[in-house]
Amino acid sequence: MSVWGPLAARFEQPRPRRMLTLDGGGIRGVITLEILAELERKLAQALGAGTDFRLCDVFDYVGGTSTGAIIAAGVARGMTTSELLQIYRDHGEEMFDKAFLLHRLRNLYRSEPLAALLQEKFGADTDLGPQHLRSLLLVVTQNLTTDSPWPVSSNPLARYNDTARADCNLRIPLWKLVRASTAAPVYFPPEVLHWDLDDPDKAFVFVDGGMTPYNNPAFLMYRMATSEAHRLCWPTGERQLLLVSIGTGAAANAGPEADAAHRNLFSNVANIPGNLMYAATVDQDISCRTVGRCVFGAPIDRELGDLIPRDADGAPRPLEQDLGRAFLYVRYNAELSRVGLDDLGLNDVDPEEVQKLDSVRSIGDLSRVGQAAARQVSLDHLGPFLKT
């Protein structure tokens, strides 16, 4: 029997491939979902599909980090964006439930409500086997025991996904893997995963995948889909590979002025983790725009611009011209600064509130931000991949 199981007809034959990656960002995953909802709506309409349409029918490989892992797992399982949005709206506060006062010094939120919710939505016994997923799935975690990023994929060809192994990745319960990816230090306690119940050395402690360089897992997925090490070996090329990356909103934290570099030292130190995550997210984006061909994305900065290939007159080069890049790349996100929100027509939204990872009281505003950002979505960005 094929290692692909019920997915054999889809994955054993070569064809152009489409990939989707989703950033981490706590409750700001609502922004991601509103953008995804518009993409889902437009795809269903263009393909003449009915209510049975799912994003996993179009995207062959879906990956995410932290809150993006929750969404990616739902998409790979065949859930609609409306179902996933309802989870965030109905259970946002439950997912970030306040910890008991005596435990407040160790973590601000209890993990039990989130763990129970993930078991309910994904199934307590659901693992990464192809019989449980409708597309390939990538979940990014951070292994504290080995002090290294652990991106775990459902790719059955991968070395550590061989079902003959006692420590096969595919046997890890999906809900536990997603819970590990969302175990943000301070917010949630770590998650312990057992790769082999008979071998204590195969038990590891995990925290949020956002603590890795892959809070935006876009370029990571490209590597895992194409490199020989991961054995999937999808062909590269602008007509062979599409990567759509969706963020949870971005806003760089302003630092001290030059004449006040040492002012409020504690505040400066406290911002370091967030600054590093932001920098890593941007770096993944730049790598994708450099190796791949960027079709759409906001400017990176004033020097780089948007890195969309243009002609001498500054017009984007038509996609009919193959420039020899490794893949087509689309980046959708929202700017959560005061200027960015004003540009979206959201003058009444407080940027400090929607920038927080745990601002469950702002779910309504986050939805409005996502819906405004979703106006970026165009099927023209998919080029030839809509037809294939």
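Residues numbered from 1 in each chain as written. Predicted model: local features only at pLDDT ≥ 70, side-chain atom pairs only at ≥ 80, totals over all residues. Heavy atoms only, no water.

S.K.: So, the overall build of the chain: which residues are in play, and what are the values?
M.R.: Along the backbone of the chain there are 12 helices and 9 strands. A total of 388 residues make up the chain; the buried ones form 53% of that total. By sequence separation, contacts in the chain at least 24 residues apart represent 71% of the contacts at least 6 residues apart. About 17800 Å² of surface is accessible on the chain, with carbon and sulfur atoms providing 52% of the total. (Helix = DSSP H or I, 4+ residues; strand = E, 2+ residues; numbered from the N terminus. Buried < 20%, exposed > 50% of the residue type's maximum accessible area, 1.4 Å probe, protein only. Contact = heavy atoms within 4.5 Å. Areas by Shrake-Rupley, 256 points an atom, 1.4 Å probe, with all protein chains shown as cover.)

S.K.: Tell me about the pattern of salt bridges, and please be specific about residues and values.
M.R.: Within the structure shown, the criterion is met by 21 salt bridges. With a shortest N-O distance of 2.8 Å, glutamate 38 and arginine 41 are connected by a salt bridge. Here glutamate 38 pairs with arginine 41, and both are found in helix α2 (residues 29-46), just 3 residues apart, close to one helical turn. On the basis of relative accessible area, glutamate 38 is assigned to the buried category, the value being 18%. By relative accessible area, arginine 41 is classed as partly exposed at 43%. One continuous salt-bridge network, built from bridges that share partners, spans Arg10, Arg15, Arg17 and Asp60. (Salt bridge = Lys/Arg side-chain N within 4 Å of Asp/Glu carboxyl O.)

S.K.: Can you tell me about empty space enclosed by the protein, naming the residues and giving the values?
M.R.: Counted by the stated rule, this structure contains 2 cavities of 30 Å³ or more. Here the largest cavity is characterised by a volume of approximately 50 Å³. Lining of the largest cavity is provided by Ile70, Leu84, Ile87, Met95, Leu117, Leu118, Lys121 and Phe122. Where the lining of the largest cavity is concerned, the elements lending two or more residues are α4 (81-95) and α5 (112-122). The leading source of residues in the lining of the largest cavity is α5, at 4 residues. Tallied by class, residues from the lining of the largest cavity come to 7 nonpolar, no polar and 1 charged. In this structure, the second largest cavity encloses a volume near 30 Å³. In terms of lining residues, the second largest cavity is bounded by Trp4, Leu7, Leu128, Gly129, Pro130, Leu133, Ser135, Leu136, Ser154 and Pro156. For the lining of the second largest cavity, the class distribution of residues is 7 nonpolar, 3 polar and no charged. (1 Å grid on protein atoms, 1.4 Å probe; cavity = no way out; pocket = protein on both sides within 12 Å on 5 of 7 lines; lining within 4 Å. Points joined across faces, edges and corners; volume = space filled by probe spheres on them. Nonpolar A, V, L, I, M, F, W, Y, C, P; charged D, E, K, R; others polar.)

S.K.: Kindly report on the packing of aromatic side chains, identifying the contributing residues and their values.
M.R.: Tallying each qualifying case throughout the model produces 12 aromatic pairs. A centroid spacing of 5.0 Å and a plane angle of 55° characterise the contact between tryptophan 150 and phenylalanine 204, whose relative ring orientation is tilted. Highlighted residues: tryptophan 150 in strand β4 (residues 148-153) and phenylalanine 204 in strand β6 (residues 203-208), separated in sequence by 54 residues. Its relative accessible area of 23% is what places tryptophan 150 among the partly exposed residues. (Phe/Tyr/Trp six-rings, centres within 6.5 Å; stacked < 30°, edge-to-face > 60°.)

S.K.: Describe in detail the pairing of strand β3 (residues 136-143), supporting the description with residues and values.
M.R.: Along β3, 8 of the 8 residues are buried, which leaves the element largely enclosed by surrounding structure. The pairing of strand β2 (residues 61-65) with β3 spans 5 bridges and is classified as parallel. Bridging from a neighbouring strand, tyrosine 61 pairs with leucine 136 of β3. Strand direction decides the pairing type here: β3 and β4, joined by 6 bridges, are antiparallel. If you follow valine 140 over to β4, its bridge partner there is proline 151. Between β3 and β4, which pair antiparallel in sequence order, lie 4 residues; one of them, aspartate 147, sits at a positive phi of approximately 55°. In this sheet, β6 lies alongside β3 in antiparallel orientation, the contact comprising 3 bridges. Paired with glutamine 142 across the strands is valine 207, a residue of β6. (Pairing = 2+ DSSP bridges.)

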